[in-house]
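Each chain, written out:
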Amino acid sequence: ISLAADRAPRETVRMTDPTEVLPARQVLHTTCTLDCPDTCSLAVTVELGDRGDHRDRRIVDIDAAPGNPLTDGWICAKVKQHMRRVYAPERVRTPLVRTGPKGSGEFREASWSEAIELVAGRMRDAVDTGGGDAVVAFTYNSSAPTIERASLSEALFAAIGATHVEHTICAHTAGASWDSVFGDLPSADPLDVVHAALVVIWGATPTVPNPPFPPLVQRAVKQGAQVVVIEPRRTAMAARADLHLAVRPGTDVVLAHAVANRWQQTGRLATDFVAAHAEGADEFLAESARWTPEAAAEVTGLAADDIRTLADRWAHTHRTVLRIGWGPERNPNGGAACRALLALPLLAGTFGARGNGVIGSPGTDEIRPRRRWPEFAQVERRTLPLHQVGHWMAPGSPDPVRVLFVQGANPVVMCPDTRAVTAAFARDDVFTVVHEQVLTDTARYADVVLPATTAFEIADVTGSYGSYTVQPVRPVIERVGEARSNDEVGLALARALGLDWHLPAPDASPVTDDPGPRTVGSGGVQFVDTFPFDGRARLVDPIAGVPSYVPVPRDRPL
């Protein structure tokens, strides 16, 4: 379903008090929950119906609200037009039960009681015959707010021991690499980039998925900072950089080792910092010794002089921020690349003050939605890789899956090898349930489709992964059709399966005492306020070893 705007964005509405009533209109404040680092604050204009109360509200405009430290009164064009999704003709308004072949999109309307009874019955049969392994929870929910992401649906699947589908589709490798090198060390605060003298943006295109970040970089540039972009394509950010290195995809690990090699040869390693705060430097540098600028140039497609320029500029600039993106992870050398990139600030010793360090994914542990879960005995669960659904659920596969529950995901579109994925979803011996807002390509293969709420219809709370902020998510309209939240679906299925879960209506108060919008801490200064592990980062992974390059055939898709 295309949600692209077919007209120019409307002009910005006048900012008002959240409760100010305009003629037949009202402006309400909430937060965007789409899977994006920004988590923009929203001012939603609703039009009141004939009754003049909240039951008749309809969204007529979405714009930016003030007060967000990162987005600063800005939202993207996609969200500005998001009411098109809320009121789309494809919006699922009632439960649907399949009547035609899978993939045909042929359904009949059903009541919630019929749909829940049908789904619970199939889940019960699957567990009785095959145990929890027979039920697979394909729950991505990346664009859900925090309570919805760790909802009672997730609690139910944990309670029955359903198979967990690991979120391997995006940022998984980069996250595992951060954990390997830095453990629980928080990301540097992106707002601190304004204090940097050199900004290295490696494998990220922030003008597209993180637009509030480039203006922060520009503030640093106005104060004399230089910008290096390492990215195969000449993006908008690369075009404005002082140095753009169009590294060949899959070879970032070689470039990282070549930079370390240059530092070692020119005496630019921060030996005292490395001795105090890093483990495995000798093994790492032994691998780096293989990669002179000339040797690296052959593999990376870069000029040897450009590699030397990058290394020398980085070595001579103490206030350096590395902004690592998700691009380097998406190839067979992804894990090695991310770990090698994260090693460079350690070898250069560019930590210890604002304007230094590594920006990854900021976040907060103040929001703890699982505190709302009822008590139940922990059951061991198996795990499957999300991106390989076309393999483990292929026709004829020995996998025990008999019920597949999809929530907050569109695997027919988002997973690799579309033909294999559609063949897997066409299986008649797997009962597929899709809890979704609109009739997606995946929903067309469902046996039962359950109507889901949007973030404009529920109360929740959400944290950013582009800044250290927490904000409330407020319902600005009533439910469209018979939509239900993840929490409500999980609770209804739990009760239908005989679990005695009687909980109050979900809200944000038991999750965080003050949902904001507010800053929850900047993460502090790395290696001053916060430290990895027992104070020492790891340049060599205990299992994967030293980050190393594995040649990728040029004719092999990355």
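These numbers come from a predicted model, not from an experiment.

Peer 1: Quick question: what am I supposed to make of the overall build of the protein here?
Peer 2: Looking only at helices and strands, the protein features 18 helices and 22 strands. Taken over C-alpha atoms, the radius of gyration comes to 25 Å for the protein, in line with the 24 Å a tight globule of 558 residues would show. C-alpha atoms of the protein, sized along the principal axes, occupy 70 × 60 × 45 Å. A burial count over the protein gives 56% of its 558 residues as buried. Put simply, 74% of the contacts in the protein that link residues at least 6 apart link residues at least 24 apart. Roughly 23,200 Å² of accessible area belongs to the protein as shown, and the carbon and sulfur atoms make up 49% of that amount.

Peer 1: Help me understand the nonpolar core in this model?
Peer 2: Grouped burial of nonpolar side chains is what soluble globular proteins tend to show. F182, W202, L255, W314 and L347 are the most contacted members of the largest nonpolar core, which totals 56 residues. Of all the elements, helix α14 (residues 334-348) adds the most residues to this core, at ten residues. Core analysis: the next-biggest nonpolar cluster, separate from the first, contains 31 residues, M123, L156, F376 and V403 among them.

Peer 1: Looking at this structure, I do not really get the packing of aromatic side chains. What am I missing?
Peer 2: Each aromatic ring pair is summarised here by two numbers: the centre-to-centre distance and the angle between the ring planes. Across all of its chains, the model carries twelve aromatic pairs by this definition. Relative to F351, the ring of F182 lies with its centre 6.4 Å away and its plane at 80°, an arrangement referred to as edge-to-face. Taken together, the residues F182 in helix α6 (residues 172-182) and F351 in the loop between α14 and β14 (357-359) connect sequence positions 169 residues apart. Comparing F182 with F351 shows no difference in burial state: the two are buried.

Peer 1: Got a minute to help me understand unusual backbone geometry in this structure?
Peer 2: Backbone geometry follows two general trends: most residues other than glycine have a negative phi, and most peptide bonds adopt the trans configuration. A positive phi angle, near 50°, is found at D72, a position not held by glycine. With respect to the helices and strands, D72 occurs in the loop between β4 (58-64) and α1 (77-80). Although it is not a glycine, F527 sits at a positive phi angle of roughly 65°. Here F527 shows up in the loop between β21 (518-519) and β22 (537-538). Judged by relative accessible area, which is 7%, F527 ranks as buried.

Peer 1: Hey, could you run me through the environment of G103 in this one?
Peer 2: On the secondary structure map, G103 appears in the loop between β5 (96-98) and β6 (107-109). Expressed as a C-alpha distance, the spacing of G103 and F425, which sit 322 residues apart in the sequence, is 8.3 Å. Setting aside chain neighbours within four positions, we find G103 in contact with R444 and Y445.

Peer 1: Just checking my understanding: could you explain the pattern of salt bridges for this structure?
Peer 2: Should their charged atoms come close, side chains of opposite charge can pair. Under the defined criterion, the tally for this structure stands at 21 salt bridges. Between R91 and E457 there is a salt bridge whose closest N-O contact spans 3.2 Å. One end of the pair, R91, is in the loop between α2 (83-86) and β5; the other, E457, is in the loop between β18 (448-451) and β19 (460-463), and 366 residues separate them in sequence. Accessibility expressed as a relative area gives 4% for R91, which makes it buried.

Peer 1: Mind showing me how you'd approach the sheet that holds strand β10 (residues 226-230) here?
Peer 2: The strands that make up a sheet pair up through hydrogen bonds in the backbone, lying either parallel or antiparallel. Strands sit in the order β11-β10-β9-β13-β14 across an open sheet of five strands; the sheet is parallel. A strand with exactly one partner marks an edge of an open sheet, and here the two such strands are β11 (243-245) and β14. Strand-to-strand twist in this sheet, taken as the mean axis angle between neighbours without regard to direction, amounts to 15°. Examined bridge by bridge, β10 and β11 share three bridges and lie parallel to one another. What sits directly across from V228, in β11, is L243.

Peer 1: When you look at the confidence of the model for the protein in this model, what are you seeing that I'm missing?
Peer 2: Caution is warranted with low-pLDDT regions, since their predicted coordinates should not be read in detail. The predicted model of the protein averages 89 in pLDDT, with 90% of residues at 70 or higher. Low confidence marks residues 1-18, where pLDDT is under 50. Its contacts with residues over four positions away, or in another chain, come to 34 contacts. Long-range and interchain partners of residues 507-513, a stretch whose pLDDT sits below 50, account for 19 contacts in this model, where long-range means more than four residues apart.

Peer 1: Explain the packing of helix α3 (residues 112-130) against helix α18 (residues 486-496) here, please?
Peer 2: A pair of packed helices is characterised by two quantities: the angle between their axes and the separation of those axes. Between α3 and α18, the shortest axis-to-axis distance is 9 Å and the interhelical angle comes to 60°. With respect to their mutual orientation, α3 and α18 come out oblique. As α3 packs across α18, the resulting crossing turns out to be right-handed. Contacts between α3 and α18 involve W112, I116, V119, A120, M123 and R124 from the former and V489, A492, L493 and A496 from the latter. Class assignment of the residues belonging to the contact of α3 with α18 gives a composition of nine nonpolar, no polar and one charged.

What counts, and at which threshold
- Residues numbered from 1 in each chain as written.
- Predicted model: local features only at pLDDT ≥ 70, side-chain atom pairs only at ≥ 80, totals over all residues.
- Heavy atoms only, no water.
- Helix = DSSP H or I, 4+ residues; strand = E, 2+ residues; numbered from the N terminus.
- Rg over C-alpha atoms; globule rule 2.2 N^0.38 Å.
- Buried < 20%, exposed > 50% of the residue type's maximum accessible area, 1.4 Å probe, protein only.
- Contact = heavy atoms within 4.5 Å.
- Areas by Shrake-Rupley, 256 points an atom, 1.4 Å probe, with all protein chains shown as cover.
- Core = buried A, V, L, I, M, F, W, Y, C linked by side-chain atoms within 4.5 Å.
- Phe/Tyr/Trp six-rings, centres within 6.5 Å; stacked < 30°, edge-to-face > 60°.
- Salt bridge = Lys/Arg side-chain N within 4 Å of Asp/Glu carboxyl O.
- Pairing = 2+ DSSP bridges.
- Axes fitted to C-alpha atoms, helices over the stretch in contact; angles between N-to-C directions.
- pLDDT = per-residue confidence, 0-100.
- Parallel < 35°, antiparallel > 145°, perpendicular 65-115°, else oblique.
- Left-handed = near helix turned anticlockwise from the far one by under 90°.
- Nonpolar A, V, L, I, M, F, W, Y, C, P; charged D, E, K, R; others polar.

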